Amino acid sequence: MSNASDSTAASGALSGVRIVELSSGVPAALCCKILAGLGAQVVKVEPPGDGSGIRRLGPFPGDTPHPESGVVHLFADTSKQSVTLDWRAPAGADLLVRLLEDADALVEDVPPAEKDAAHSLFDRVARMEQRLVWTAVTPFGQTGPYRDLRMTDLTLAALSGWLFQTGEPGQEPLKAQGHLAEGCVAGATAAIGVLAALFRRGMSGAGQRLDVSCMESLISANRFLETTYAYTGYMTSRLGNRLPNTYPYTIYPCKDGHVAAICITDAQWESLCNMIGMPELLDDPRFTINRDRFQNADALGALLMPWFQQRTAQECFETGQLWRIPFSKVNSMADLLAMEQLHSRGYFESVRHPVAGEMRYPGPAIRFTASPWRAASAAPTLGQHNEQVWCRRLGLSRDDLARLRRQGVV
Amino acid sequence: MPGPLEGVRVLDLSTWWAGPLGTMFLADLGAEVIKIEAIQRVDSYRGTFAGQVPSDKPYETSPVFNAVNRNKRGVTLDMASAKGAEVFRRLVRASDVVCENYSARVMENLGVEYAALRRHNPTLVMVSLTGFGRSGPWRDYVAFAATVEALSGIPSVTGYAGGPPLLPGAIMGDPLPGLFCAIAVLAALEHRRRTGQGQYVDMSQLEPTTWTVADALLDFQMNRRTWPRQGNRVAEMAPHGAYRCLGDDEWVAIAVEDDGQWRRLCDVIGRPELALPRKGYADLAGRQAHAKDVRQDIEAWTRQRDKREAMRLLQEAGVAAGAVLNPRDLLSDPQMQSRGFFPVVDRAEVGPRPYPGCPIKLSATPAGIRSPAPLLGEHNGLALRELLGMTRSEMEGLARDCVIGTAPLSTPPAR
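About the criteria used
Residues numbered from 1 in each chain as written. Chains lettered and ligands numbered in written order. Predicted model: local features only at pLDDT ≥ 70, side-chain atom pairs only at ≥ 80, totals over all residues. Heavy atoms only, no water. Helix = DSSP H or I, 4+ residues; strand = E, 2+ residues; numbered from the N terminus. Buried < 20%, exposed > 50% of the residue type's maximum accessible area, 1.4 Å probe, protein only. Pairing = 2+ DSSP bridges. Expected span 1.5 Å × (residues − 1). Bend = angle between axes of the 7 residues up to and from the residue. Contact = heavy atoms within 4.5 Å. Salt bridge = Lys/Arg side-chain N within 4 Å of Asp/Glu carboxyl O. Buried area = accessible area lost by both parts, 1.4 Å probe. Polar contact = N/O pair within 3.5 Å; in protein donor to acceptor, adjacent residues only side chain to side chain. Nonpolar A, V, L, I, M, F, W, Y, C, P; charged D, E, K, R; others polar. Core = buried A, V, L, I, M, F, W, Y, C linked by side-chain atoms within 4.5 Å. Phe/Tyr/Trp six-rings, centres within 6.5 Å; stacked < 30°, edge-to-face > 60°. Lys NZ or Arg CZ within 6 Å of the ring centre and 35° of its normal. Axes fitted to C-alpha atoms, helices over the stretch in contact; angles between N-to-C directions.

Engineer: What is the right way to look at the environment of Asp 298 of chain A in this model?
Structural biologist: Mapped onto the fold, Asp 298 of chain A is located in helix H12 (residues 297-309). C-alpha of Asp 298 of chain A to C-alpha of Tyr 247 of chain A: the two residues are 51 residues apart in sequence and 9.9 Å apart in space.

Engineer: I tried to follow the pairing of strand S6 (residues 208-213) of chain A on my own but got confused; where do I start?
Structural biologist: S6 of chain A sits mainly inside the fold: 5 of its 6 residues count as buried. For strand S5 (residues 133-138) of chain A and S6 of chain A, the ladder comprises 6 bridges, and the chain directions are parallel. The residue bridging Val 133 of chain A from the neighbouring strand is Gln 208 of chain A, located in S6 of chain A. Bridge analysis of S6 of chain A against strand S12 (residues 360-362) of chain B gives 3 bridges, and the strand direction is antiparallel. Within S12 of chain B, the position partnered with Leu 210 of chain A by the bridge is Leu 362 of chain B.

Engineer: What am I meant to see in H12 of chain A here?
Structural biologist: All names here are of chain A. End to end, H12 covers 17 Å across 13 residues, agreeing with the expected 18 Å (1.5 Å per residue, within 8%). Most pronounced at Leu 303, the bend in H12 amounts to some 35°, and the proline Pro 306 follows within four residues. Those residues of H12 lying buried are Ala 297, Leu 300, Gly 301, Leu 304, Trp 307 and Phe 308. Looking at the buried side of H12, the elements it contacts are strand S7 (249-254), strand S8 (257-262), helix H10 (266-275), helix H11 (290-295) and helix H13 (313-322).

Engineer: Before we go on, may I ask you to explain the pattern of salt bridges in this structure?
Structural biologist: Should their charged atoms come close, side chains of opposite charge can pair. Residue and element names in this part refer to chain B. Under the counting rule described, the total for this entry stands at 58 salt bridges over all chains. Note that Glu 386 is salt-bridged to Arg 73, the shortest N-O span being 3.5 Å. Of the two residues, Glu 386 sits in helix H16 (residues 380-388) while Arg 73 sits in strand S3 (residues 73-76), which places them 313 residues apart along the sequence. Ionic pairing is found between Asp 297 and Arg 271, a salt bridge with its closest N-O pair at 3.4 Å.

Engineer: Can you help me understand the interface of chain A and chain B in this one?
Structural biologist: By convention, interface size is frequently given as the accessible area that disappears when the constituent parts associate. At the junction of the two partners, chain A supplies 165 residues and chain B supplies 162 residues. When the two sides are added together, the surface that chain A and chain B hide from each other amounts to roughly 14100 Å², 65% of it contributed by carbon and sulfur. For the interface between chain A and chain B, the tally reads 9 salt bridges. The partner of Arg 225 of chain B in a salt bridge is Asp 63 of chain A, with the nearest N and O atoms 2.8 Å apart. Inspection of the chain A/chain B interface yields 75 residue pairs in polar contact (both at pLDDT 80 or more). Here the side of chain A that touches chain B takes 16 residues from helix H7 (residues 181-204) of chain A, the largest share from any one element. Along the lines of polarity and charge, the residues of the side of chain A that touches chain B split into 85 nonpolar, 54 polar and 26 charged.

Engineer: I'm lost on the nonpolar core in this one. Help?
Structural biologist: One recurring pattern in soluble globular proteins: nonpolar side chains tend to sit buried together. In terms of nonpolar packing, the biggest core is built from 188 residues, with Leu 35, Met 215 and Ile 366 of chain A together with Phe 180, Ile 183, Ile 254 and Trp 262 of chain B touching the most fellow members. Ranked by residue count, the leading element in this core is H7 of chain A, at 14 residues. By size, the runner-up hydrophobic cluster in this structure holds 33 residues, among which are Leu 100, Val 110, Met 128 and Leu 404 of chain A.

Engineer: How do you make sense of the packing of aromatic side chains when you look at a structure like this?
Structural biologist: Two numbers describe a pair of aromatic rings. These are the distance of the centres and the angle of the planes. In this structure the tally under the stated criterion is 23 aromatic pairs over all chains. Between Phe 180 of chain B and Trp 211 of chain B the ring centres are 5.2 Å apart and the planes differ by 70°, which places this aromatic pair in the edge-to-face class. In this pair, Phe 180 of chain B sits in helix H7 (residues 175-195) while Trp 211 of chain B sits in the loop between helix H8 (206-210) and helix H9 (214-223), placing the two residues 31 residues apart along the sequence. We note that Phe 180 of chain B, like Trp 211 of chain B, is buried. By way of ring pairs, the aromatic residues Phe 75 and Trp 373 of chain A together with Phe 180 and Trp 211 of chain B are connected into one cluster. Looking at Arg 88 of chain A, its charged tip hangs above the ring of Trp 87 of chain A, at a distance of 4.1 Å from the centre. In this structure, Arg 353 of chain B is placed above the aromatic ring of Tyr 231 of chain A, and the distance from its NZ or CZ to the ring centre is 5.2 Å.

Engineer: Whenever I open this one, the sheet that holds strand S2 (residues 41-46) of chain A confuses me. Can you help?
Structural biologist: Across a sheet, strands are paired by hydrogen bonds formed along the backbone, either parallel or antiparallel in direction. The 7 strands lie next to each other as S3(A)-S2(A)-S1(A)-S4(A)-S5(A)-S6(A)-S12(B), forming an open sheet whose pairing is mixed. Two strands in the sheet have a free side with no partner beyond their single neighbour: strand S3 (80-84) of chain A together with S12 of chain B. Across the sheet, the mean angle separating the axes of adjacent strands is 20° when strand polarity is ignored. Sheet strands touched by helix H3 (residues 90-101) of chain A: strand S1 (18-22), S2 and strand S4 (105-108) of chain A. Its angle to S1 of chain A, the strand with the most contacts, is close to 150°. Packing against the sheet, helix H5 (residues 119-126) of chain A makes contact with S1, S4, S5 and S6 of chain A, and its axis sits at approximately 135° to S5 of chain A.

What follows is the structure, given as structure tokens:
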């Protein structure tokens with residue numbers, strides 16, 4: 001059920017919306033990737049020289065760092081335009097204001113202290129509030145004692161309560177691998193804000209300012225453990241491959257790999273016992289409800305595991321699903337790329353990049369029938385759209401641009 | 001002040017966490033979200049951590065259910081009955097959006113699939129959120145968060161060096177699709193605002209979840225490399241991990257981004273000699289090659305310090321450090337308090353409790369918590385009278401037939 005045949009306007013929901021992205025980090029970049037996927041025209045403003053900070057995140061082809069081919073940039077900056085601008089220089093600030101006067105929304109992650117230092121510029125931006133949707137996506141928000149702390153995805157995950165929960169009891173708390181998980185959650189949260197404000201602006205004509213805290217975004221998306229603690233005094237810690245009060249919700253080794261063995265509802269528990277030919281477990285008082293099964297997880301695990309060990313991951317998965325138990329295989333990246341379900345939905349997008357080459361990228365996270373997700377175009381090279389944006393869109397002459405280049409502003 | 005989505009009405013059939021988190025954001029932003037359950041089958045999330053606050057209605061005491069459903073209206077409706085399905089279709093006529101996470105088969109059997117509902121409301125926006133999407137060979141497969149996490153490959157790259165694959169404790173497979181569900185609704189509303197056209201949106205839990213491993217996936221294609229599980233180690237930074245502090249299971253996370261930060265860290269821990277070239281740690285490669293020694297040197301200092309004190313001293317030196325906070329720490333965290341992020345909301349059956357607020361602050365049309373999660377069927381009268389003009393006797397008839405009600409006929413298992 002991809003694109004419906006009855007769609008009359010095959011353009012994205014945000015087609016025609018002009019967004020300026022002034023970012024160095026992952027959350028703001030992913031927020032704008034989503035907005036670009038929805039059809040917005042995103043111009044990413046990067047510092048001349050090194051470009052945006054996310055260009056420094058690897059890995060890189062052949063492990064040779066290159067500002068055009070870091071995987072985080074390649075993925076997070078698809079379907080955008082790139083211009084270079086030193087907005088801290090007076091001529092650059094003027095140019096940024098001109099760009100914003102021609103835009104609907106600004107998404108930025110400029111550290112609040114730097115905005116204070118450049119207040120004459122941001123005062124001018126604030127005067128556009130009547131029509132501009134101005135969203136700041138920063139680690140801790142625009143206020144509070146942590147506002148100016150130095151932050152990476154690891155330390156943000158620590159402060160947001162994510163790290164505390166991943167890993168084995170007593171051992172080092174772990175972060176999800178790579179540099180994207182935190183940014184996906186914070187970036188999607190910010191995109192919700194931008195969309196809501198653009199929707200309101202569409203009805204009232206008025207813009208506004210948004211303050212999105214990545215720390216708060218991560219807490220919001222995390223099982224409500226603080227509220228649970230306040231209700232029950234229960235403090236969940238790291239449980240390895242277990243979830244409180246639920247079992248099995250774990251990973252078992254099987255003949256040729258690993259299987260996620262997930263069983264949450266009573267109906268699934270009943271199916272599981274019947275499926276493995278051990279209906280007597282249903283009458284075992286140690287395993288009556290989820291809490292019992294969790295408390296006796298080691299004993300139950302020992303009873304269940306042989307079934308998995310005698311089968312391949314594919315067999316475990318298919319048999320579980322036949323019984324409507326949400327088992328799955330633990331996929332590698334190779335397995336993921338080969339998944340028939342994703343291919344049948346045309347999920348992966350082939351993107352050809354001039355430096356990094358052609359690869360298949362995770363594709364549309366949402367399937368619209370009337371306002372389709374835009375097919376990804378490759379992340380722009382640094383300053384690739386300088387002439388297009390500064391000259392053709394804002395009307396600078398070639399001489400102006402050459403002069404700005406000499407001054408190091410562009 | 002009204003939120004930006006003031007005037008938008010959403011019928012929410014979704015249960016558990018993912019769909020309700022999406023509609024939580026819509027409700028926080030001012031949409032009128034009507035959560036529909038049936039007394040025959042209430043939302044199973046009501047069983048999670050339920051029954052630990054004294055109440056004779058344990059199904060009203062789940063902290064997670066009450067957190068994710070704040071700001072919503074609560075209506076019960078037995079959709080499996082012909083009368084219930086009819087009431088639902090009438091509600092659809094008066095609404096803008098339907099969100100649901102049933103299987104395709106269930107919606108068709110109930111006669112409330114998009115094609116049917118569209119006849120009642122031609123500009124309806126409807127979002128279906130399933131494990132694998134509404135097409136493809138797996139369209140009817142069942143999924144919980146960990147099902148799609150395992151398939152996306154997250155556990156294959158998460159875990160200790162040499163250890164087994166590990167599910168992320170910070171779950172991805174529900175909340176991330178939930179956020180994208182809110183994005184889907186907002187984008188479709190914007191499209192409808194511009195064109196007058198409603199639409200059907202097909203969402204899976206699996207597809208958004210794979211975004212979180214895009215870097216591993218591109219590296220696999222680019223360098224033919226399968227990431228080993230390697231704890232907190234990353235290529236670009238060292239040290240990069242969590243270090244034991246004073247106390248039981250207390251830690252501080254430290255990420256050293258460059259050699260200058262390493263020098264400053266060495267000064268803070270009183271070991272400036274560790275930054276000298278002869279020690280072999282002065283550059284990234286050296287620190288990665290001697291990761292065990294580096295950890296020992298750092299922990300000799302952190303073990304004697306409170307995690308927040310260690311964070312403060314390192315931050316003052318310009319080193320990215322963050323205490324590994326637990327739920328209790330977060331409730332009293334100075335940043336959260338300063339931003340009022342855990343407002344205390346009074347709710348029947350559970351009393352005043354803190355809930356996470358809205359992480360999006362808007363200057364003109366604010367978001368936030370305006371009302372607690374509804375009790376089961378609390379707004380039956382309001383919704384059916386206000387929206388459908390039902391009479392008292394009509395509603396009494398529905399209650400007699402158990403189409404609506406305020407007490408569950410079976411309670412979800414506590415977990």
